[in-house]
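# Structural characterization, general
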Amino acid sequence: MDVRPPILGGPFLPKLARLLISAALLFGVVIALILFTTRREPANPLASAPLAPWTSEPIQPLIEVPSLDVAKVALGRKLFEDRRLSGRNNLPCAACHDVGSNGSLSGNRTTRFDTPTIFNSALNSRLGWQGMEWTLEQQALATIKSPMVSQGVALQTMIDRLAQDSRMRQEFAAIYDRSIDIEGVVDAIACYERSLVTPGSRFDLWLAGNKSAMSEQALRGYERFKQLGCVSCHQGQNVGGNLLQKHGIFRPLATPEPRILRVPSLRNVATTAPYFHDGSARTLDQAVKKMAASQLNVDLKPQEVSDLVAFLNMLTGNYAGQKVRAPG
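Residues numbered from 1 in each chain as written. Predicted model: local features only at pLDDT ≥ 70, side-chain atom pairs only at ≥ 80, totals over all residues. Heavy atoms only, no water.

### Re the overall build of the chain
Put simply, the rule is: The helix and strand labels rest on DSSP assignments: H or I over at least four residues marks a helix, E over at least two residues marks a strand, and numbering proceeds from the N terminus. For each residue, the accessible area found with a 1.4 Å probe, counting protein chains only, is set against the maximum for its type, and the residue is called buried under 20%, exposed over 50%, and partly exposed in between. In this description, contact between two residues means that some pair of their heavy atoms is separated by no more than 4.5 Å. Here the accessible surface of atoms and residues is derived via Shrake-Rupley with a 1.4 Å probe, and residues count as covered only by protein chains that are part of the display.
On a plain count of helices and strands, the chain comes out with 11 helices and 4 strands. Counting over 328 residues, the chain shows a buried share of 40%. Pairs at least 24 apart in sequence give 63% of the contacts found in the chain among residues at least 6 apart. Here the chain has roughly 18500 Å² of accessible surface; of this, 58% comes from carbon and sulfur atoms.

### What about the pattern of salt bridges?
Definition in use: Whenever a carboxyl oxygen of Asp or Glu lies within 4 Å of a side-chain nitrogen of Lys or Arg, that contact is scored as a salt bridge.
In total, this model carries 13 salt bridges according to the counting rule given. Of the charged contacts, one joins Lys 226 and Glu 57 as a salt bridge, the two residues approaching to 3.0 Å between their closest N and O atoms. Separated by 169 residues along the polypeptide, Lys 226 in helix 9 (residues 216-228) and Glu 57 in the loop between helix 1 (12-38) and helix 2 (70-80) bring together distant segments of the chain. The class for Lys 226 is partly exposed, based on a relative accessible area of 23%. Between Arg 224 and Glu 304 there is a salt bridge, and its shortest N-O distance comes to 2.7 Å. Pair noted here: Arg 224 is in helix 9 and Glu 304 is in helix 11 (residues 302-312), with a separation of 80 residues, a long-range link. One salt-bridge network, in which partners are shared between bridges, spans Glu 57, Glu 223 and Lys 226.

### Looking at the state of the cysteines
Inclusion rule: The rule for a disulfide is simple: a pair of cysteine sulfur atoms within 2.5 Å.
Counted by the stated rule, this structure contains 0 disulfides. Note on Cys 230: no disulfide assigned, nearest cysteine sulfur contributed by Cys 233 at a separation of 8.9 Å. We classify Cys 230 as buried; its relative accessible area is 18%.

### Some remarks on the packing of helix 9 against helix 11
Where we set the bar: In this description, a line fitted to the C-alpha atoms serves as the axis of each element, helices being fitted only across the stretch in contact, and the angle between N-to-C directions of two axes falls anywhere from 0 to 180 degrees. Oblique is the label for any angle not under 35 degrees, not over 145, and not in the 65 to 115 range, which are roughly parallel, roughly antiparallel and roughly perpendicular in turn.
Contact geometry of helix 9 with helix 11 gives a least axis separation of 7 Å together with a crossing angle of 105°. Compared by their axis directions, helix 9 and helix 11 come out roughly perpendicular. Residues Gln 217, Ala 218, Arg 220, Gly 221, Tyr 222, Arg 224, Phe 225 and Leu 228 of helix 9 form the contact with helix 11, whose participating residues are Gln 303, Glu 304, Ser 306, Asp 307, Leu 308, Ala 310 and Phe 311.

### So, helix 11
Burial runs high along helix 11: 8 of the 11 residues are buried. The set of residues buried in helix 11 consists of Glu 304, Val 305, Asp 307, Leu 308, Val 309, Ala 310, Phe 311 and Leu 312.

### Re the side chain of Ser 101
What counts, and what does not: Counting of polar contacts relies on pairs of N or O atoms within 3.5 Å, with two restrictions inside protein: one atom must be capable of donating a hydrogen and the other of accepting it, and residues adjacent in sequence are counted only when both atoms are side-chain atoms.
Tracing the chain through its elements places Ser 101 in the loop between helix 2 and helix 3 (136-145). A polar side-chain atom of Ser 101 sits 2.9 Å from a polar atom in the side chain of Asp 98. In this view, Ser 101 contacts Phe 119, Val 324, Arg 325, Ala 326 and Pro 327; residues no more than four positions away in its chain are not counted.

### Observations regarding the nonpolar core
Rules: The nonpolar core is taken to be a set of buried Ala, Val, Leu, Ile, Met, Phe, Trp, Tyr and Cys residues, with the residues joined through side-chain atoms within 4.5 Å.
Among the nonpolar cores identified, the biggest contains 33 residues, and Ile 59, Phe 203, Tyr 222, Phe 225 and Leu 312 are the most heavily contacted of them. Elements represented by at least two residues in this core include exactly helix 8 (202-207), helix 9, helix 10 (284-296) and helix 11. Of the residues forming this core, the biggest block, 6 residues, is contributed by helix 11.

### Notes on helix 3
Condition: By arc we mean the arc of the directions from the helix axis to the C-beta atoms, nothing more.
Of all the positions in helix 3, only Leu 136, Ala 140 and Ile 144 are classed as buried. Taken down its axis, helix 3 places every buried residue within 70° of arc, on the same side. Residues of helix 3 that are buried make contact with helix 4 (147-150), helix 5 (155-163) and helix 7 (182-194).

### Thoughts on the environment of Leu 136
Structurally, Leu 136 is set in helix 3. Look at Leu 136 and you get buried, because its relative accessible area is 5%. Residues Leu 136 and Arg 194, 58 residues apart in the sequence, show an inter-C-alpha distance of 8.3 Å. Excluding residues within four positions of it along the chain, Leu 136 makes contact with Ser 121, Ala 122, Leu 127, Ala 190, Glu 193 and Arg 194.

### Some remarks on unusual backbone geometry
The residue after Glu 257, namely Pro 258, is reached through a cis peptide bond having omega -5°. Relative to the helices and strands, Pro 258 resides in the loop between strand 1 (244-246) and strand 2 (260-262). Note that the residue after Ala 273, namely Pro 274, is joined by a cis bond; omega there is 0°. Backbone geometry places Asp 177, a non-glycine residue, at a positive phi of 55°.

### Some points on the packing of aromatic side chains
Here is the rule: Think of it this way: a Phe, Tyr or Trp ring, Trp meaning its six-membered ring, pairs with another when their centres are within 6.5 Å, and the plane angle makes it stacked under 30 degrees, edge-to-face over 60, tilted otherwise. Placement of a positive charge over a ring is assigned whenever Lys NZ or Arg CZ falls within 6 Å of the ring centre and within 35 degrees of the normal to the ring plane.
Across all of its chains, the model carries 9 aromatic pairs by this definition. For the pair Phe 203 and Tyr 222, a centre-to-centre distance of 5.0 Å together with 65° between the ring planes defines the contact as edge-to-face. With Phe 203 in helix 8 and Tyr 222 in helix 9, this residue pair connects regions lying 19 residues apart in the sequence. Residue Phe 203 is classed as buried on the basis of its relative accessible area of 0%. Summarising the aromatic geometry, the rings of Phe 225 and Phe 311 are spaced 5.1 Å apart at their centres and angled 55° between planes, so their arrangement reads as tilted. In this pair, Phe 225 is assigned in helix 9 and Phe 311 in helix 11, connecting sequence segments 86 residues apart. Judged on exposure class, the residue Phe 225 and its partner Phe 311 are both buried. An aromatic cluster of at least three residues, connected via ring pairs, comprises Phe 203, Trp 206, Tyr 222, Phe 225 and Phe 311. Over the ring of Trp 206 we find Lys 211; its NZ or CZ atom is 4.2 Å from the centre of that ring.

Set out below in structure tokens:
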């Protein structure tokens, strides 16, 4: 005869076990809910930080001049203006790139291509109309060695001219701790060119949050600039300068060859007439109309042209405390 208490055996044990398990599960759920609702996430400084006004725009503002070696910039400027770095002692870099006006050619063009501005060139991913150079050092060396500049004179001859200048020797040695050589020369020129940025345009101010910096017409022009798709090629901090593209897609634009060219920056574009690689567009209005027709197959209305030009005028920045200007 079984004399054990009924609660320890028979049909009561499974029922009791189920009750205990259910109670334990319920208790665990309650504890988990309490822990979840009271748990604190680690602080995220970006979660509540306001976004910069330009983060939703395809163009970024150019606000500050980069921090560079002051002595190297000063040497680079001297070399940029030095006539001895040309075959006939008559053609320094500054002859074709006037930083006192628009950073481009202030006289009559004698080259195959219209001279691009040197301003903001450090922001380009490719250099020259054909984008053949990737760095400012490569571009400086290619320019000095070009037939137009060298006139058949050996590169070492130009370096020897500089080496005859005792002050130049001392300044170069203080920076590079060696005798004057072409590697140091192009490095110093490139460093100077990196200082040639033009921040503070009205468009930059608008991007940075000053909503009164641009007129209503300029804002209409910017919206149309985006709607038309101009911004797909003219984007980024330099408003262009980082793509190679075909021209004359729907209608002729300029001299047909070369067909593929670097998309130029539009910064300071209002000061750098004439336009296109062959300088065939004499005014900004003409350039805007031809670009829309050639690249987008769009015939702009006069008001659209006026609005777009108003926007492009907002891209003129400042260099050395002065607004960039057209020559003359």
